[in-house]
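# Secondary and tertiary structure notes
Single-letter residue listing:
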Amino acid sequence: MTKPDEDTANQSRRAEPSRAPARSDRRMTRRGWTMLVSGVLFLVFVVAGFLVQVPYVAISPGPTYDTLGRDAAGNPVIQVKGQQTYGTSGELRMTTVSLNDGINLFTALGLWASGRYALAPREEYYKPGETNEQVKQENIQQLQNSQSNAQVAALRHLGYPVQVVAKQIVSGSPADHILAPGDKLIAVNGKQVREAAEVAASIVNTKPGDSVQVTFQHLGQPERTVPVTLAQREDRTQGFLGLTAVDRAVAPFSVDISLQDVGGPSAGLMFTLAIIDRLTPPGKPGSDLAGGRHIAGTGEISETGQVGPIGGISFKVVGAKEAGATDFLVPEHNCAEAKSAAPEGLNLIKVSTLDDALKQLDNLKAGRPVEHC
């Protein structure tokens, strides 16, 4: 009986070493822990990459629109009521830039890697705390101002009279309760005003407390001249009148610009050219400006026809070429950037004023040399 007991004990002692490795196998090795932690970190990175927005916007070439053509709803971009318009050939195409906001890390990397998009800090396009809706409204306002400037610049060029009117009156200012929006401004501080900029220039050398004479006309009533005592304002040393003036062309017809989902001021030049083209009879200077060519361009326009620089020119030249343009009107101060990004075969034409743009288009149509960037 003793031997079996000894055998059993021996078997038990022999079995014990075989159980130790089994417990060791159940422990996590250093490599296992490393893989587990790496997997968790990778998962966190993936989730963050999809959910967390980066403080950048993606910029790319946007759509283009023929200002001599029709909008998405089928309406003419330039609509003139009460005056004959004339046919034309070719295109005068305005260009845009697309801005993608609210992008996550993976989207940003993918767009950047495509080569078609560029990433820029969001703060360059959005003020701190500013919402997308606020930016949209600002862009719409800029577009409306651009359209207004284009109408004035075009009609001024065509010989229609232009008058200066009050656009906004600051509540509680010296001008409040004396002038109203739409009043025609004739003279300020003894100086005739023929352009909106002359209103501000007329009080540059004044100081708070000075009395100035303002001559104006309200809704076709007789002209009035009234004294106005200028106020003080922290952002200036000169006297404060409290009004914003704009130029308004006087014409027996109306000009409307129909274009949706576009904002900003940079279409002004192309709007102006299209208005002139539509209102100019065949054979006259300013008619059929494109001459059958596909011409694109950009540039902010002032009421007096000055062409100002804009942003995103490197994307706009690409969008223009993709839309079939062969020639591109470039504001003078944007020429260097445009040259560095222009696709092969796109003819860059430098302009600085409306008259300059009209001259270059006439040269292009006639086969004469144009001024290149």
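Residues numbered from 1 in each chain as written. Predicted model: local features only at pLDDT ≥ 70, side-chain atom pairs only at ≥ 80, totals over all residues. Heavy atoms only, no water.

### Description of the overall build of the protein
- Each helix and strand counted, the protein has nine helices and 18 strands in total.
- Here the contacts in the protein between residues at least 6 apart in sequence split such that 70% fall between residues at least 24 apart.
- Accessible surface, the protein: about 20600 Å² in total, of which carbon and sulfur atoms supply 52%. (Helix = DSSP H or I, 4+ residues; strand = E, 2+ residues; numbered from the N terminus. Contact = heavy atoms within 4.5 Å. Areas by Shrake-Rupley, 256 points an atom, 1.4 Å probe, with all protein chains shown as cover.)

### Considerations on the sheet that holds strand E14 (residues 294-297)
- Strand order in the open sheet formed by five strands is E2-E4-E14-E17-E18, and the pairing between neighbours is mixed. With one partner strand each, in any of the chains shown, strand E2 (65-66) and strand E18 (347-351) form the two edges of the open sheet.
- Strands in contact with helix H6 (residues 268-279) are strand E4 (91-94), E14, strand E17 (327-331) and E18; relative to E4, the strand with the most contacts, it is inclined by about 155°.
- Along the sheet, helix H7 (residues 313-322) makes contact with E14, E17 and E18, crossing E17 at roughly 165°. (Pairing = 2+ DSSP bridges. Axes fitted to C-alpha atoms, helices over the stretch in contact; angles between N-to-C directions.)

### Here's the deal with the environment of Ser254
- Note on placement: Ser254 falls in strand E13 (residues 254-257).
- With relative accessibility at 29%, the residue Ser254 sits in the partly exposed group.
- Between the C-alpha atom of Ser254 and that of Gln151, which follows or precedes it by 103 residues, the distance is 9.5 Å.
- When near neighbours in sequence (up to four residues on either side) are disregarded, Ser254 contacts Gln79, Val80 and Lys81. (Buried < 20%, exposed > 50% of the residue type's maximum accessible area, 1.4 Å probe, protein only.)

### Side note on helix H9 (residues 354-366)
- The end-to-end C-alpha separation of H9 is 18 Å, in line with the 18 Å expected for 13 residues at 1.5 Å each.
- The set of residues buried in H9 consists of Leu354, Asp356, Ala357, Leu358, Gln360, Leu361, Asn363 and Leu364. (Expected span 1.5 Å × (residues − 1).)

### So, helix H4 (residues 132-157)
- Under the 1.5 Å per step criterion, the end-to-end length of H4 is 37 Å for 26 residues, consistent within 8% with the ideal 38 Å.
- Burial in H4 covers these residues: Val135, Leu143, Ser146, Gln147, Ser148, Asn149, Ala150, Val152, Ala153, Ala154 and Leu155.
- Where H4 is buried, its residues meet strand E7 (162-169), strand E12 (243-249), E13, H6, strand E15 (300-301) and H9.
- Positive phi shows up at Gly159, right after H4, with a value of about 95°.

### Re the packing of aromatic side chains
- Under the definition given, this model contains one aromatic pair.
- Consider the rings of Tyr160 and Phe253, whose centres lie 5.3 Å apart with planes at 80°: the pair is edge-to-face. One end of the pair, Tyr160, is in the loop between H4 and E7; the other, Phe253, is in the loop between E12 and E13, with 93 residues separating them in the sequence. (Phe/Tyr/Trp six-rings, centres within 6.5 Å; stacked < 30°, edge-to-face > 60°.)

### Examining the nonpolar core
- In terms of nonpolar packing, the biggest core is built from 39 residues, with Ile78, Leu92, Leu269, Phe271, Leu273, Leu329 and Leu354 touching the most fellow members.
- If you list the elements that add at least two residues to this core, you get strand E3 (78-81), E4, H4, E13, H6, E18 and H9.
- No other element matches the eight residues that H6 contributes to this core.
- Residues within four places of Phe271 in sequence aside, it is in contact with Thr67, Val77, Ile78, Met94, Leu143, Ser146, Gln147, Ala150, Ile257 and Leu259.
- Formed by 20 residues, the second largest nonpolar core is a distinct cluster that contains Ile203, Leu230, Leu241 and Leu243. (Core = buried A, V, L, I, M, F, W, Y, C linked by side-chain atoms within 4.5 Å.)

### A few points about the environment of Thr64
- Residue position: Thr64 is located in the loop between strand E1 (56-61) and E2.
- Distance in space between the C-alpha atoms of Thr64 and Arg93 is 6.3 Å, their sequence separation being 29 residues.
- Apart from residues lying up to four places away in sequence, Thr64 is in contact with Arg93, Met94, Thr95, Gly319, Ala320 and Ala323.

### Observations regarding the packing of H6 against H9
- Where H6 contacts H9, the two axes come as close as 11 Å, and the packing angle between them is 65°. Of the two possible hands of crossing, H6 and H9 adopt the one that is right-handed. Listed contacts from H9 to Leu269, Thr272, Leu273 and Ile276 of H6 are Leu354, Ala357, Leu358 and Leu361.
- Here the residues of the contact of H6 with H9 are counted per class, giving seven nonpolar, one polar and no charged. (Left-handed = near helix turned anticlockwise from the far one by under 90°. Nonpolar A, V, L, I, M, F, W, Y, C, P; charged D, E, K, R; others polar.)

### Thoughts on the side chain of Asp66
- As for its position among the elements, Asp66 is in strand E2.
- Although Asp66 lies buried, it forms no salt bridge, and the closest oppositely charged side chain, Arg93, sits 4.9 Å away as judged by the N-O distance.
- A distance of 3.0 Å separates the side chain of Asp66 from the backbone nitrogen of Leu92, its partner in a polar contact.
- Leaving out residues up to four positions away in the same chain, Asp66 has contacts with Val77, Gly90, Glu91, Leu92 and Arg93. (Lys, Arg positive; Asp, Glu negative; His and termini not counted. Salt bridge = Lys/Arg side-chain N within 4 Å of Asp/Glu carboxyl O. Polar contact = N/O pair within 3.5 Å; in protein donor to acceptor, adjacent residues only side chain to side chain.)

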